[in-house]
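Breakdown of the fold
Chain by chain, the residues:
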Amino acid sequence: ALNPLLVSRLVRSCTRPEELVADPFLGSGTTAVVALREGRRFYGGDVNADSLRFTMGRILAEELKLGAAA
């Protein structure tokens, strides 16, 4: 798994808030979750259906956390 702090730094330094973050190899979904936290739109994919399901679960959990904090 990627270090979320490193990914966050890359997302913030390489994109503006209105831009799309893309990750064609989702893996565990760290980039997707970080993009969501940083207010970026996100597009991702993976040939492994389990990775897609896992990442979707992480995104939903993150949405719940962000919604509860608001």
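Everything here concerns the structure above.
Below you will find a few notes about this structure. All of these numbers come straight from a predicted model, not from anything done at the bench.

1. Digging into helix α1 (residues 4-14)
Turning to α1, its buried residues number three or more, namely Val7, Ser8 and Val11. An end-on view of α1 places all buried positions within 100° of arc, on one side of the element. Relative to its buried face, α1 has exposed residues pointing more than 90 degrees away, namely Leu5, Arg9, Ser13 and Cys14. Contacts made by the buried residues of α1 are with β1 (20-23) and α2 (30-37). Among the residues of α1, the N-terminal cap falls to asparagine 3, whose side-chain oxygen and the backbone nitrogen of leucine 5 are separated by 2.8 Å.

2. Topic: the pairing of strand β2 (residues 41-44)
The sheet contact formed by β1 and β2 spans 4 bridges and is parallel. The partner of leucine 20 across the bridge, within β2, is arginine 41. For the handedness criterion, the β-α-β arrangement of β1, α2 and β2 is classed as right-handed.

3. Structural notes on the side chain of threonine 31
Within the fold, threonine 31 resides in helix α2. Here threonine 31 falls in the buried class, since its relative accessible area comes to 13%. When sequence neighbours within four positions are dropped, the list of residues in contact with threonine 31 reads Leu2, Val7, Val21, Asp23 and Phe42.

4. What to know about helix α3 (residues 49-69)
Between its first and last C-alpha, α3 extends 30 Å over 21 residues, near the 30 Å set by a 1.5 Å rise per residue. Among all positions of α3, only Ser51, Thr55, Ile59 and Glu62 are buried. Down the axis of α3, the buried set is contained in an arc of 65°. They therefore lie on one face. Summarising the geometry of α3, the exposed residues directed more than 90 degrees from the buried face are Asp50, Arg53, Leu64 and Ala68. Where α3 begins, the capping side chain belongs to asparagine 48, and its oxygen is found 2.8 Å from the backbone nitrogen of aspartate 50.

Conventions adopted
Residues numbered from 1 in each chain as written. Predicted model: local features only at pLDDT ≥ 70, side-chain atom pairs only at ≥ 80, totals over all residues. Heavy atoms only, no water. Buried < 20%, exposed > 50% of the residue type's maximum accessible area, 1.4 Å probe, protein only. Helix = DSSP H or I, 4+ residues; strand = E, 2+ residues; numbered from the N terminus. Arc of directions from axis to C-beta. Contact = heavy atoms within 4.5 Å. Polar contact = N/O pair within 3.5 Å; in protein donor to acceptor, adjacent residues only side chain to side chain. Pairing = 2+ DSSP bridges. Right-handed = clockwise from strand over helix to strand, strands pointing away. Expected span 1.5 Å × (residues − 1).

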